[in-house]
Amino acid sequence: MDFVHKYEAFQKDVQPALKSKQEELAMLGYEGVTEQEIWNFLTRKKWKKPKDDIRLYEIVADILSVQPGEYMNFVTIEAFKIGSLSLDDEKERRELLK
């Protein structure tokens, strides 16, 4: 059974903020990041313990405050957790350090 995050009901409403953050990250050189990946980061990391009385403006503020380094740290750790990233391969090490 899939876990549904408490804030899923807000995702469609905050889509413009997600799009804005995705475009900002693309301008900073993170072209491959999607809106859904940003949402996944927020639900799995920043909103790990959802509040019962969250307001829409708080969710938008959280989206717009995502820092590239914070997101990339999360993605890197997740890659290690699922085993898709190995430091044994020289090519992968160089790609990670770019």
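Check the entry above for the structure.
Reading the values: the criteria
- Residues numbered from 1 in each chain as written.
- Predicted model: local features only at pLDDT ≥ 70, side-chain atom pairs only at ≥ 80, totals over all residues.
- Heavy atoms only, no water.
- Phe/Tyr/Trp six-rings, centres within 6.5 Å; stacked < 30°, edge-to-face > 60°.
- Helix = DSSP H or I, 4+ residues; strand = E, 2+ residues; numbered from the N terminus.
- Buried < 20%, exposed > 50% of the residue type's maximum accessible area, 1.4 Å probe, protein only.
- Polar contact = N/O pair within 3.5 Å; in protein donor to acceptor, adjacent residues only side chain to side chain.
- Contact = heavy atoms within 4.5 Å.
- Core = buried A, V, L, I, M, F, W, Y, C linked by side-chain atoms within 4.5 Å.

Caption draft 1: Inspection of the packing of aromatic side chains at higher detail. Under the defined criterion, the tally for this structure stands at five aromatic pairs. Look at Tyr7 and Phe10: their rings are 6.3 Å apart centre to centre, the planes differ by 80 degrees, and that puts the pair in the edge-to-face class. Relative to Trp47, the ring of Tyr7 lies with its centre 5.1 Å away and its plane at 70 degrees, an arrangement referred to as edge-to-face. Taken together, the positions of Tyr7 in the segment before α1 (15-27) and Trp47 in the loop between α2 (35-46) and α3 (56-64) put the pair 40 residues apart, joining distant regions of the chain. When sorted by exposure, Tyr7 lands in the same class as Trp47, which is buried. Among the aromatic residues, those joined into a ring-pair cluster are Tyr7, Phe10, Trp39 and Trp47.

Caption draft 2: Summary view of the side chain of Thr43. For Thr43, the location among the structural elements is in helix α2. Since its relative accessible area comes to 12%, Thr43 is described here as buried. Within polar-contact distance, the side chain of Thr43 engages the backbone oxygen of Asn40 at 3.2 Å. Thr43 has contacts with His5, Glu8 and Lys48, leaving out every residue within four places of it along the chain.

Caption draft 3: The arrangement of the environment of Ile38 in detail. Turning to its location among the elements, Ile38 is positioned in helix α2. In this structure the C-alpha to C-alpha distance between Ile38 and Leu18, which are 20 residues apart in sequence, comes to 7.1 Å. When near neighbours in sequence (up to four residues on either side) are disregarded, Ile38 contacts Leu18, Lys21, Gln22, Leu25 and Val33.

Caption draft 4: Looking closely at the nonpolar core. Among the nonpolar cores identified, the biggest contains 17 residues, and Trp39, Leu42, Trp47, Ile59 and Ile63 are the most heavily contacted of them. Where this core is concerned, the elements lending two or more residues are α1, α2, α3 and α4 (68-82). Sort the elements by how many residues they give to this core and α2 lands first, with four residues. With near-sequence residues (within four places) excluded, Trp39 lies in contact with Tyr7, Glu8, Phe10, Gln11, Val14, Leu18, Trp47, Ile59 and Ile63.

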